[in-house]
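# A closer look at the structure
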Amino acid sequence: MLELCSMANSTIDLLLKRRSVLAKNLIEPGPSPEELQSILSAALRIPDHGRAEPWKIQILDKEAQSSLGDFCAELFNSENPDSKETHIELERNRPQRSPILLIITMCPNEKKLAKIPEVEQLLSTGAMCQNILVATQALGYNAQWVTDWPAYHVDVIKFLGHNDKTQIAGFIHIGTAAEEPNERPRPDIKEIVSKFRV
Ligand SMILES: Cc1cc2nc3c(=O)[nH]c(=O)nc-3n(C[C@H](O)[C@H](O)[C@H](O)COP(=O)(O)O)c2cc1C
């Protein structure tokens, strides 16, 4: 009982202190292969109505990040021919900012759509992203969940090997914080939470 209680306390402490670290401030080391396996196992431990299992996770090491960066830079350049070289390089570097990059995607399970609407399948995918953030921080590493234009570009989705029904829920950068992030203002609980009365 005592052990359960202290586990609960450390979980609530972790949740109350959780902070993202900007991808550009995530440096080596990243999680070991065993630690990454724990993060990924935690990722799968999410609510999933009717076992729709609409999600996939891809792991990108530095080599894969570099290919994705080159692809995004060329795509950005072809669609924005007047952009400055510095901006193209920023796009090349975007997926390469951290030791490990995870890409979490959702392709709706069409057989289950009548009972499990797409929004529920997407919500489960969001829960997966959040579990990854929390598990990463529990192991002493840091992460940031980002999207930006590459998450919504059909050519990027295709480049990653997905069909056109697949959506990117998030790019999650993982590494060690180069410096501790400052706290940031959080919403006032009174503005968000109320007692419903009839
Ligand atoms: C779906 C989603 C997409 C996001 N995309 C970006 C992004 O592209 N760039 C960014 O700087 N932050 C993005 N964020 C916000 C960060 O993940 C993070 O929440 C923010 O840096 C604040 O840090 P905190 O998690 O400690 O509150 C996104 C968050 C969510 C939920």
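For the structure, see preceding data.
Below is a short write-up of the structure.

Calculation notes
Residues numbered from 1 in each chain as written. Predicted model: local features only at pLDDT ≥ 70, side-chain atom pairs only at ≥ 80, totals over all residues. Helix = DSSP H or I, 4+ residues; strand = E, 2+ residues; numbered from the N terminus. Buried ≥ 20, exposed ≤ 12 C-beta atoms within 10 Å, placed from the backbone. Core = buried A, V, L, I, M, F, W, Y, C linked by C-beta atoms within 7 Å. Contact = placed C-beta atoms within 7 Å. Axes fitted to C-alpha atoms, helices over the stretch in contact; angles between N-to-C directions. Left-handed = near helix turned anticlockwise from the far one by under 90°. Nonpolar A, V, L, I, M, F, W, Y, C, P; charged D, E, K, R; others polar. Near = placed C-beta within 6 Å.

Before going further, it helps to examine the environment of Arg-184. Mapped onto the secondary structure, Arg-184 falls in the loop between β5 (167–177) and α8 (189–192). Accessibility expressed as a C-beta count within 10 Å gives 7 for Arg-184, which makes it exposed. For the pair Arg-184 and Arg-19, spaced 165 residues apart in sequence, the C-alpha to C-alpha distance is 8.6 Å.

In this section: the nonpolar core. Among the nonpolar cores identified, the biggest contains 28 residues, and Leu-102, Ile-103, Ile-104, Cys-129, Ile-132, Ile-172 and Ile-174 are the most heavily contacted of them. Elements represented by at least two residues in this core include exactly α2 (33–43), β2 (55–60), α3 (62–79), β3 (100–106), α5 (118–138) and β5. The leading source of residues in this core is β3, at six residues. Apart from residues no more than four positions distant in its own chain, Ile-104 is found in contact with Trp-55, Ile-57, Thr-125, Met-128, Cys-129, Ala-169, Gly-170 and Ile-172.

Another aspect to go through is the packing of α2 against α5. It is the contact of α2 with α5, at a shortest axis distance of 8 Å, that shows an interaxial angle of 145°. Our pair here, α2 against α5, has a crossing hand that is right-handed. Contact residues: α2 offers Ser-38, Ile-39, Ala-42 and Ala-43, while α5 offers Met-128, Asn-131, Ile-132, Ala-135 and Thr-136. Looking at side-chain class alone, the contact of α2 with α5 contains six nonpolar, three polar and no charged residues.

Here we come to the site of the ligand. In the vicinity of the ligand, the residues found are Arg-19, Ser-20, Gln-144, Trp-145, Val-146, Thr-147, Asp-148, Gly-170 and Arg-184. If one sorts the elements of the shell around the ligand by residue count, strand β4 (residues 142–146) sits on top with three residues. The residue makeup of the shell around the ligand, split by class, is two nonpolar, four polar and three charged.

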